[in-house]
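Here is what each chain is made of, one letter per residue.
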Amino acid sequence: MTDLKSMLATWAEKFRPHAEGVDLPPHHEQCLGCGPDNPHGHHLQVRRYGDGVVAEHTFDNRHVGAPGIAHGGAVATVIDDLYGFLLYLVGAPAVTRQLTVDYRAPVMIGTPYRMEAGVTNQEGRKLFLAASLTDRDGFLVATSTAVFVTVGVDHFTRGTQ
Ligand SMILES: CCCCCCCCCCCCCC(=O)SCCNC(=O)CCNC(=O)[C@H](O)C(C)(C)COP(=O)(O)OP(=O)(O)OC[C@H]1O[C@@H](n2cnc3c(N)ncnc32)[C@H](O)[C@@H]1OP(=O)(O)O
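Residues numbered from 1 in each chain as written. Predicted model: local features only at pLDDT ≥ 70, side-chain atom pairs only at ≥ 80, totals over all residues.

Looking at an unreviewed UniProt entry, one finds the protein named Acyl-coenzyme A thioesterase THEM4, with Nocardioides cremeus as its source organism.

Chemist: Quick rundown of the overall build of the protein? Include the residues and the values.
Modeler: A count of helices and strands for the protein gives three helices and six strands. At 15 Å, the protein has a C-alpha radius of gyration in line with the 15 Å of a compact globule built from 161 residues. The principal-axis extent of the C-alpha atoms belonging to the protein is close to 40 × 35 × 30 Å. Buried residues in the protein amount to 27% of all 161 residues. Across the protein, the fraction of contacts at a sequence separation of at least 24, relative to all contacts at a separation of at least 6, is 61%. (Helix = DSSP H or I, 4+ residues; strand = E, 2+ residues; numbered from the N terminus. Rg over C-alpha atoms; globule rule 2.2 N^0.38 Å. Buried ≥ 20, exposed ≤ 12 C-beta atoms within 10 Å, placed from the backbone. Contact = placed C-beta atoms within 7 Å.)

Chemist: Give a detailed account of the site of the ligand, specifying residues and quantitative values.
Modeler: Near the ligand lie 21 residues; those nearest to it are Gly-84, Val-95, Gln-98, Val-149 and Phe-156. Looking at the shell around the ligand, the elements with two or more residues in it are α1 (4-9), α3 (72-90), β3 (94-103) and β6 (140-150). No other element matches the four residues that β3 contributes to the shell around the ligand. Its residues assigned to classes, the shell around the ligand shows 10 nonpolar, six polar and five charged. (Near = placed C-beta within 6 Å. Nonpolar A, V, L, I, M, F, W, Y, C, P; charged D, E, K, R; others polar.)

Structure representation (structure tokens):
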């Protein structure tokens, strides 16, 4: 299990201002979306893009639903994790309260996609987020919205008790 103390030690580093186009740090080493040490993970790499974030991502054979097509849950996982990188720009930890995905076309295994996400509105603790997934021709394959709610760091200690 990821050591919470070591995660907290990197917290200030993660929430510092990030330059445009530079890779953002993973949430932690074992994160299913972006953790480099998770053998089952997606190893998502994300950059700041203006006020939002962007990633190029290719699903592989670990993420198959129908043959040759990515599992919808895998797609939702990666979108959810992409939203998690917006928190570095917002400057506060938050968790997913609601996630919707509109699957407009199949997401193909072995095909690179561009994913973008941004904050559309903020009301108190609630962050309203939106994301898109497009193929190399700019065809819109999936869209998403989410509501994240900011939490204190103590929220993350539950899994370690
Ligand atoms: C330190 C270590 C850090 C580790 C790094 C991790 C970084 C992150 C990694 C990221 C990885 C990826 C991310 C992940 O995988 S995050 C993991 C998946 N998510 C969770 O586990 C969250 C589970 N839920 C909770 O813990 C609680 O529900 C929380 C704490 C979120 C809020 O419980 P709380 O009891 O406090 O509040 P509430 O539930 O009454 O609601 C709060 C507000 O929200 C409004 N609302 C609700 N739904 C909607 C809606 N559809 N449209 C509009 N509004 C909506 C609602 O009306 C209310 O508004 P208001 O009445 O206050 O105005």
